[in-house]
Amino acid sequence: AQSVTQPDIHITVSEGASLELRCNYSYGATPYLFWYVQSPGQGLQLLLKYFSGDTLVQGIKGFEAEFKRSQSSFNLRKPSVHWSDAAEYFCAVGGLTGGGNKLTFGTGTQLKVEL
Amino acid sequence: DTGVSQNPRHKITKRGQNVTFRCDPISEHNRLYWYRQTLGQGPEFLTYFQNEAQLEKSRLLSDRFSAERPKGSFSTLEIQRTEQGDSAMYLCASSRGSGGHQPQHFGDGTRLSIL
C-alpha cells in the first residue's frame, strides 16, 4: 500500500529565509510524486510534480523539489520565503489503480512566515 | 480553462438529512475524483470516474454515499442519513486521461457541517 509521511506538522520561518519541507513516501514501483499547497478554506493548488527524468523539478512560485529514490524522499525547497507562502503544504504519491491515479496524501505541514 | 467548480461551498444540515454536492470538472478532463478532508488531515480518496464509469470506490465510501457522473460531465456526491462523522471538506478533482502522471486539479471544496 502506498503511504506518505510528512514529519513536520508545523514550521515557522522568517521572511527571506530558506525553506525545506520533508516528505517520505512508500510505494512499490516508481512513484508519481506531487506537492500541493492549500490556503485556508480553499482547494489544493499544484506546485510541482515528478514522474521520471531529472530528479530536481521546478515548480511554480519559486519552489523546487528533489526526488531521492535511495531515501524514498521528495523534499520541497524554496531559497527565500515570502509572507504570502504561509499556507498548508501537502505531499502526495500517485498510484495507478483501475486505470486512474489515486493520490495518497500526507497529513500536511503548516507553514508560518514571520515578518 | 475555467477550473474545477464545486457547489455549494458550504452546507449545514441536521443529522439524518440527505445532502448532495455537485462538481463541474475542467471541460476537457475525462477523469474525476472525489476526496474527503477532515480537520488537520490530508485529503483521502473516496472514488474515481473515467468518463461516466465509476472505476474505484474506497472503503471510506459507505453504503450511505453514492456518486454519479451522468454523461461523463459533472458529478454529484450524495450522502444519505448524514452522521456527525460526515462533517468534512469534500474535494473534487479532475485530470486528463492516459497516464498516472497527469496532475489532478482541485476545486475549492464543499464544507459540510452536521448539527
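Residues numbered from 1 in each chain as written. Chains lettered and ligands numbered in written order. Predicted model: local features only at pLDDT ≥ 70, side-chain atom pairs only at ≥ 80, totals over all residues. Heavy atoms only, no water.

Asks: If you had to explain the overall build of chain A to someone new, which residues and values would you point to?
Replies: What chain A contains, in helices and strands, is 0 helices and 12 strands. Its helices and strands in sequence order give chain A the pattern β-β-β-β-β-β-β-β-β-β-β-β, from N to C terminus. Against the 2.2 N^0.38 benchmark of 13 Å for 115 residues, chain A shows a C-alpha radius of gyration of 14 Å, consistent with a compact globule. Viewed in the frame of its principal axes, chain A has a C-alpha envelope of about 45 × 30 × 25 Å. Taking as baseline every contact in chain A between residues at least 6 positions apart, the subset at least 24 positions apart corresponds to 54%. Split by element, the accessible area of chain A, about 5,300 Å² in all, is 49% carbon and sulfur. (Helix = DSSP H or I, 4+ residues; strand = E, 2+ residues; numbered from the N terminus. Rg over C-alpha atoms; globule rule 2.2 N^0.38 Å. Contact = heavy atoms within 4.5 Å. Areas by Shrake-Rupley, 256 points an atom, 1.4 Å probe, with all protein chains shown as cover.)

Asks: So what about the interface of chain B and chain A? Which residues, and what values?
Replies: Across the boundary between the two partners, chain B contributes 24 residues, which contact 23 residues of chain A. Between chain B and chain A lies a buried interface of about 1,900 Å² when both sides are counted; carbon and sulfur atoms form 52% of it. Inspection of the region where chain B meets chain A yields 1 salt bridge. Among the ionic pairs, Lys 102 of chain A bridges to Glu 56 of chain B, the shortest N-O distance being 3.6 Å. Elements represented by at least two residues in the side of chain B that touches chain A include exactly strand E4 (31-37), strand E5 (44-50), strand E6 (53-57) and strand E9 (88-95) of chain B. Of the residues forming the side of chain B that touches chain A, the biggest block, 4 residues, is contributed by E4 of chain B. (Buried area = accessible area lost by both parts, 1.4 Å probe. Salt bridge = Lys/Arg side-chain N within 4 Å of Asp/Glu carboxyl O.)

Asks: Quick one: what's the story with the nonpolar core, residue by residue and with numbers?
Replies: If you look at the biggest cluster of nonpolar residues, it comprises 26 residues, and the most contacted ones within it are Leu 19, Trp 35, Leu 47, Leu 48, Phe 74, Leu 76 and Tyr 89 of chain A. Among the secondary structure elements, those contributing two or more residues to this core are strand E2 (10-14), strand E3 (19-21), strand E5 (32-38), strand E6 (44-50), strand E8 (64-68), strand E9 (73-78), strand E10 (87-97) and strand E12 (109-114) of chain A. Among all residues touching Leu 19 of chain A, those that are not within four sequence positions of it are Ile 11, Val 13, Phe 63, Leu 76, Arg 77, Lys 78, Val 81 and Leu 111 of chain A. Residues Val 19, Leu 32, Leu 46 and Ala 88 of chain B belong to the second largest nonpolar core, which totals 19 residues. (Core = buried A, V, L, I, M, F, W, Y, C linked by side-chain atoms within 4.5 Å. Buried < 20%, exposed > 50% of the residue type's maximum accessible area, 1.4 Å probe, protein only.)

Asks: Lay out the pattern of salt bridges in plain terms, naming residues and giving numbers.
Replies: Residue and element names in this part refer to chain A. This structure, assessed with the given rule, holds 10 salt bridges over all chains. Across the pair Lys 78 and Asp 85 runs a salt bridge whose closest N-O atoms are separated by 2.8 Å. Exposure remark for Asp 85: the relative accessible area of 4% places this residue in the buried category. Sharing partners across several salt bridges, the network here consists of Glu 64, Glu 66 and Arg 77.

Asks: Quick rundown of the packing of aromatic side chains? Include the residues and the values.
Replies: In the structure shown here, the tally under the stated rule is 16 aromatic pairs over all chains. For the pair Phe 105 of chain A and Tyr 35 of chain B, a centre-to-centre distance of 5.8 Å together with 85° between the ring planes defines the contact as edge-to-face. Taken as a pair, Phe 105 of chain A in strand E11 (residues 100-105) and Tyr 35 of chain B in strand E4 lie in two separate chains rather than in one. Here the two residues Phe 105 of chain A and Tyr 35 of chain B agree in accessibility, since each one is buried. (Phe/Tyr/Trp six-rings, centres within 6.5 Å; stacked < 30°, edge-to-face > 60°.)

Asks: Any chance you could break down the pairing of E8 of chain A for me, citing the residues and the numbers?
Replies: Residues and elements named next belong to chain A. The pairing of strand E7 (residues 56-58) with E8 spans 3 bridges and is classified as antiparallel. From the neighbouring strand, Val 57 faces E8, where its bridge partner is Ala 65. Hairpin connection, E7 to E8: the antiparallel pair is bridged by 5 residues, and Lys 61 has positive phi, about 60°. In this antiparallel pair of consecutive strands, E8 and E9, the connection spans 4 residues, and Ser 72 shows a positive phi of 50°. (Pairing = 2+ DSSP bridges.)

Asks: Any chance you could break down the confidence of the model for chain A for me, citing the residues and the numbers?
Replies: A residue-level look at chain A finds 96% of positions with pLDDT of 70 or above and a mean pLDDT of 91. Within chain A, no element has a lower average pLDDT than E11 of chain A, which sits at 83, and none a higher one than E3 of chain A, at 98. (pLDDT = per-residue confidence, 0-100.)

Asks: Report on the sheet that holds strand E7 (residues 65-68) of chain B, specifying residues and quantitative values.
Replies: All names here are of chain B. Pairing is antiparallel in the open sheet, where 4 strands are placed in the order E1-E3-E8-E7. Looking along the sheet, the strands with just one partner apiece sit at the ends: strand E1 (5-7) and E7. In this sheet, adjacent strand axes meet at a mean angle of 15° when their direction is disregarded. Inspection of the sheet shows strand E3 (residues 19-24) paired to strand E8 (residues 75-79) by 5 bridges, in the antiparallel sense. Paired with Thr 20 across the strands is Glu 78, a residue of E8. (Axes fitted to C-alpha atoms, helices over the stretch in contact; angles between N-to-C directions.)

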